[in-house]
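# Working through the structure, step by step
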Amino acid sequence: MLARKHAELLRARQSPPVMPRKGGRMGTTQKVLSAIAFGIALGLLVTWLTIVRGAGMGGDVTDGPWRTSLLTGSTESGMAHRAAIALHGLFALNRHETIYYTATTDSAGNTLDGAKCYRIDGRDAPARGGSTTADGSDDFLIPNAANRYSVSKTSIARDSEGRFTARVFRNAARADEIASGDGGFSLTLRLYNPDDTV
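Treat the numbers as computed from the prediction; the structure is a model and nothing was measured. (Residues numbered from 1 in each chain as written. Predicted model: local features only at pLDDT ≥ 70, side-chain atom pairs only at ≥ 80, totals over all residues. Heavy atoms only, no water.)

## Focus: the side chain of Asp 176
With respect to the helices and strands, the residue Asp 176 is situated in the loop between β7 (163-169) and β8 (177-179). Here the side chain of Asp 176 touches Arg 174 through a polar contact of 3.0 Å, side chain to side chain. Ignoring any residue separated from it by four or fewer positions in sequence, one finds Asp 176 in contact with Val 151, Ile 156, Thr 165, Ala 166 and Arg 167. (Helix = DSSP H or I, 4+ residues; strand = E, 2+ residues; numbered from the N terminus. Polar contact = N/O pair within 3.5 Å; in protein donor to acceptor, adjacent residues only side chain to side chain. Contact = heavy atoms within 4.5 Å.)

## Topic: the sheet that holds strand β5 (residues 127-135)
Here we have 6 strands laid out as an open sheet, ordered β1-β2-β3-β9-β5-β6, and antiparallel in their pairing. Each edge of the open sheet is held by one strand with a lone partner, namely β1 (60-63) and β6 (150-152). Taken over all neighbouring pairs, the strand axes of this sheet differ in orientation by 20° on average, direction set aside. (Pairing = 2+ DSSP bridges. Axes fitted to C-alpha atoms, helices over the stretch in contact; angles between N-to-C directions.)

## Some details on the confidence of the model for the protein chain
Counting all residues, the mean pLDDT for the protein chain is 77, and 67% of those residues have values of 70 or more. By mean pLDDT, helix α1 (residues 2-14) is the weakest element of the protein chain at 53, and β7 is the strongest at 91. (pLDDT = per-residue confidence, 0-100.)

## Considerations on the environment of Leu 187
When you line up the elements, Leu 187 lands in strand β9 (residues 186-194). Spatially, the C-alpha atoms of Leu 187 and Leu 141 are 9.9 Å apart, while their sequence positions differ by 46 residues. Once you skip the residues sitting within four places of it in the chain, Leu 187 turns out to touch Trp 66, Tyr 101, Thr 102, Ala 103, Leu 112, Ile 120, Thr 133, Ala 134 and Val 168.

## Details of a nonpolar patch on the surface
A cluster of nonpolar side chains, Val 32, Leu 33, Ile 36, Ile 40 and Leu 44, forms an exposed patch at the surface whose accessible area comes to about 490 Å². Checked against the element boundaries, Ile 36 lands in helix α2 (residues 24-52). For Ile 36, a relative accessible area of 46% puts it in the partly exposed group. (Patch = residues over 30% accessible without salt bridge, like charges linked within 9 Å, V, L, I, M, F, W, Y side chains within 5 Å. Areas by Shrake-Rupley, 256 points an atom, 1.4 Å probe, with all protein chains shown as cover. Salt bridge = Lys/Arg side-chain N within 4 Å of Asp/Glu carboxyl O. Buried < 20%, exposed > 50% of the residue type's maximum accessible area, 1.4 Å probe, protein only.)

## Considerations on the sheet that holds β7
The strand order across the open sheet formed by 3 strands is β4-β7-β8, and the pairing between neighbours is mixed. Strand pairing shows two members of the sheet lacking a second neighbour, β4 (118-123) and β8, which therefore form its edges. Here the strands of the sheet are splayed against their neighbours by 25° on average, with no regard to which way each runs. In terms of strand pairing, β7 meets β8 through 3 bridges, oriented parallel. Paired with Arg 167 across the two strands is Glu 177, which belongs to β8.

## Thoughts on the pairing of β5
Judged by how many residues are buried, β5 sits mostly within the fold: 8 of 9 residues are covered. One ladder, built from 3 bridges, connects β5 with β6; its direction is antiparallel. Opposite Thr 133, over in β6, you have Ser 150 as the bridge partner.

## Details of the pattern of salt bridges
As enumerated under the stated definition, the model contains 7 salt bridges in all. A salt bridge links Asp 124 to Arg 158; its shortest N-O distance comes to 2.9 Å. With a gap of 34 residues between them, Asp 124 in the loop between β4 and β5 and Arg 158 in the loop between β6 and β7 connect regions that are remote in the sequence. Residue class for Arg 158 comes out partly exposed when judged on its relative accessible area of 29%. Between Asp 176 and Arg 174 there is a salt bridge whose closest N-O contact spans 3.0 Å. Members of the salt-bridge network, linked through shared partners, are Asp 159, Glu 161 and Arg 163.

What follows is the structure, given as structure tokens:
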């Protein structure tokens, strides 16, 4: 019995000592930093998708290539929607004063391109006034030699039935034309003091 205890004691002495794991604290720190970096990357991706690209903002209404959000300028819009409007809308008014429609594609779904010519056919919407402008990829009006930036309810000619036609192309210069510049652009239709039916 004494020999057995002595053998157990010898085995206990011969086993290597348990060393504390190197980097135990460092491993935890790395995990925390990795989780923070992942969270930041995910947050930036979601911000880009919702605010910069404007995807999934809600309240969307479409009519052909034109789209608007009923949340723009309302108290129901959330923080992400307001941030997107601040980034792209540039001084957007509330929806009782102005409704904004935007087109980034033509009727066939192709991205608007300054190298092409487009035609906008329509008639006056039930609103006090309105205008249509072309905005560059920076969301600002497109500079042009004629210094014409929009067609409006008061500047465009109509036929006997109240219909009008506006043209959009690179070097537009007449009152019924909008200069699109080079490259991609978007069109913005503003309806001032719109009727409740809009």
